[in-house]
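As a plain string of letters, each chain reads:
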Amino acid sequence: MTGAQTVDPAVVPVIRVQREDFDPALESNRLTQGRHDIGALVSFVGLCRDEAGSLQALELEHYPGMAETEMSRIAGLAIKRFSLLGLTAIHRHGRIEPSEQIVLVIAAATHRQAAFDGANFVMDFLKTSAPFWKKEHGKDGTSGDWVAAKDADDTARDRWAAVKE
């Protein structure tokens with residue numbers, strides 16, 4: 001972000017926490033419809049892995065109200081920091097099976113680097129700051145513990161503090 005850029009206070013992120021699946025193409029179209037100022041759109045879809053064939057499903061829980069508030073806070077930081085022209089963040093909860101979608105982040109900007117950075121920033125903070133918890137359910141019928149946070153996720157988030165604007 002350069003000093004010459006300003007943030008449009010009218011940029012309101014789309015934030016949803018939902019049980020049902022989402023359509024990335026539809027969400028991208030909603031974000032760009034009628035817009036001629038967007039030069040880059042970066043989307044990320046996080047999928048449930050099968051953990052080398054051992055996972056039957058993930059159980060995703062969230063803190064209702066607080067999850068959306070934290071997602072909105074993170075989105076606002078990204079919009080301001082990267083001069084985003086639009087942002088969508090959707091996170092699912094409930095039972096999610098391998099290959100199903102979990103999270104969608106779409107960042108719109110004038111230029112590609114801002115869109116890439118904005119999407120990465122949002123994902124790095126969602127993984128560490130938003131109140132979501134996941135539990136693994138194995139194909140062998142076992143139910144694991146709630147999955148602990150990973151140091152790598154904290155490291156990814158912390159790199160943004162070191163980046164000078």
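Just above, that's the structure.
Computed from a predicted model, the values in this text were never measured in an experiment.

Describing the environment of Thr 110
So, step 1. Tracing the sequence through the fold places Thr 110 in the loop between β6 (101-109) and α3 (112-129).
So, step 2. With a relative accessible area of 39%, Thr 110 lands in the partly exposed category.
So, step 3. The spacing of Thr 110 and Thr 32 is 78 residues in sequence and 12 Å in space, taken between C-alpha atoms.
So, step 4. Ignoring any residue separated from it by four or fewer positions in sequence, one finds Thr 110 in contact with Asp 37, Gly 39, Ala 40 and Leu 85.

Focus: a nonpolar patch on the surface
So, step 1. There is a patch of nonpolar side chains on the surface, built from Tyr 63, Met 66, Trp 133 and Trp 146 and spanning about 440 Å² of accessible area.
So, step 2. For Tyr 63, the location among the structural elements is in the loop between β3 (55-62) and α2 (66-82).
So, step 3. The class of Tyr 63 is partly exposed, set by a relative accessible area of 43%.

Comments concerning the nonpolar core
One recurring pattern in soluble globular proteins is that nonpolar side chains are buried together.
So, step 1. Ranked by internal contacts, the top residues of the largest apolar core, which has 36 residues, are Met 71, Leu 84, Leu 87 and Leu 126.
So, step 2. Looking at this core, the elements with two or more residues in it are β1 (14-18), β2 (40-47), β3, α2, β4 (86-92), β6 and α3.
So, step 3. No other element matches α3, which puts eight residues into this core.
So, step 4. Every residue in contact with Leu 84, bar those within four places of it in the chain, is listed here: Val 11, Ala 78, Ile 79, Ala 107, Ala 108, Ala 109, Ala 114, Ala 115 and Gly 118.
So, step 5. The next biggest cluster of nonpolar side chains, apart from the first, holds eight residues, and it includes Leu 31, Leu 85, Ile 90 and Leu 104.

Cut-off values and rules
- Residues numbered from 1 in each chain as written.
- Predicted model: local features only at pLDDT ≥ 70, side-chain atom pairs only at ≥ 80, totals over all residues.
- Heavy atoms only, no water.
- Helix = DSSP H or I, 4+ residues; strand = E, 2+ residues; numbered from the N terminus.
- Buried < 20%, exposed > 50% of the residue type's maximum accessible area, 1.4 Å probe, protein only.
- Contact = heavy atoms within 4.5 Å.
- Patch = residues over 30% accessible without salt bridge, like charges linked within 9 Å, V, L, I, M, F, W, Y side chains within 5 Å.
- Areas by Shrake-Rupley, 256 points an atom, 1.4 Å probe, with all protein chains shown as cover.
- Salt bridge = Lys/Arg side-chain N within 4 Å of Asp/Glu carboxyl O.
- Core = buried A, V, L, I, M, F, W, Y, C linked by side-chain atoms within 4.5 Å.

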